[in-house]
Amino acid sequence: MGADRKEHISIVYTFTKEKLDEFRDMTVRQRLQWLEEANLFINKTIGFKKRALTDVRFEGLE
């Protein structure tokens, strides 16, 4: 990889049937809250710089 070229890493998440069943039973509000909490946790844990390696929406944020 060249110095002027950025390469993004693809990440694939898989869920068990049991976890999918759990999500299916959640209300839309509960699903959104779960997503917001997960997003906050990820941002605090790895930060925007590392997150930008897998998601271009986070480039330039720090």
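Treat the numbers as computed from the prediction; the structure is a model and nothing was measured. (Residues numbered from 1 in each chain as written. Predicted model: local features only at pLDDT ≥ 70, side-chain atom pairs only at ≥ 80, totals over all residues. Heavy atoms only, no water.)

### What about the overall build of the chain?
Our working definition: For helices the rule is a DSSP run of H or I covering at least 4 residues; for strands it is a run of E covering at least 2, with both sets numbered from the N terminus onward. Relative accessible area decides the class of each residue, using a 1.4 Å probe on protein chains only: under 20% of the type maximum gives buried, over 50% gives exposed, and in between gives partly exposed. In short, Shrake-Rupley with a 1.4 Å probe defines the accessible areas, and a residue's cover is counted only from the protein chains shown.
The helix and strand tally for the chain stands at two helices and zero strands. The buried share of the chain, reckoned over its 62 residues, is 13%. Counting only carbon and sulfur atoms, one obtains 57% of the accessible surface of the chain, whose full area is about 5,900 Å².

### Observations regarding a nonpolar patch on the surface
Formally: Every patch collects residues that have over 30% relative accessible area and no salt bridge, joining them within 9 Å if they carry like charges and within 5 Å if they are nonpolar side chains (Val, Leu, Ile, Met, Phe, Trp, Tyr). Take a side-chain nitrogen of Lys or Arg and a carboxyl oxygen of Asp or Glu: if they are within 4 Å of each other, that pair is a salt bridge.
The grouping of Ile-9, Ile-11, Tyr-13, Phe-15, Leu-20, Trp-34, Leu-35 and Leu-53 at the surface amounts to a nonpolar patch, some 820 Å² of accessible area in total. Mapped onto the elements of the fold, Leu-53 is located in the segment after α2 (28–51).

### Focus: the layout of surface pockets
Using the following cut-off: Any residue with an atom within 4 Å of a point lines the site, the site being either a cavity, points on a 1 Å grid over the protein atoms alone where a 1.4 Å probe fits but cannot get out, or a pocket, an open set with protein on both sides within 12 Å along at least 5 of 7 lines. Grid points are joined across faces, edges and corners, and a volume is the space filled by probe spheres set on the points. We call Asp, Glu, Lys and Arg charged. Ala, Val, Leu, Ile, Met, Phe, Trp, Tyr, Cys and Pro are nonpolar, and the rest, Gly among them, are polar.
In this structure, the largest pocket spans a volume of roughly 380 Å³. Around the largest pocket sit 14 residues that line it, and Ile-11, Tyr-13, Asn-39, Ile-42 and Arg-51 are the ones nearest its centre. Among the residues forming the lining of the largest pocket, the class breakdown is eight nonpolar, three polar and three charged.

### Focus: the pattern of salt bridges
Inspection of the entire model under this criterion finds four salt bridges. With a shortest N-O distance of 3.0 Å, Asp-21 and Lys-17 are connected by a salt bridge. With a gap of four residues between them, Asp-21 and Lys-17 both fall in helix α1 (residues 17–24), about one helical turn apart. We classify Lys-17 as exposed; its relative accessible area is 58%. Its salt-bridge partner being Glu-22, residue Lys-19 comes within 3.3 Å of it at the nearest N-O pair. With Lys-19 and Glu-22 both in helix α1 and three residues apart, this pair spans about one turn of that helix.

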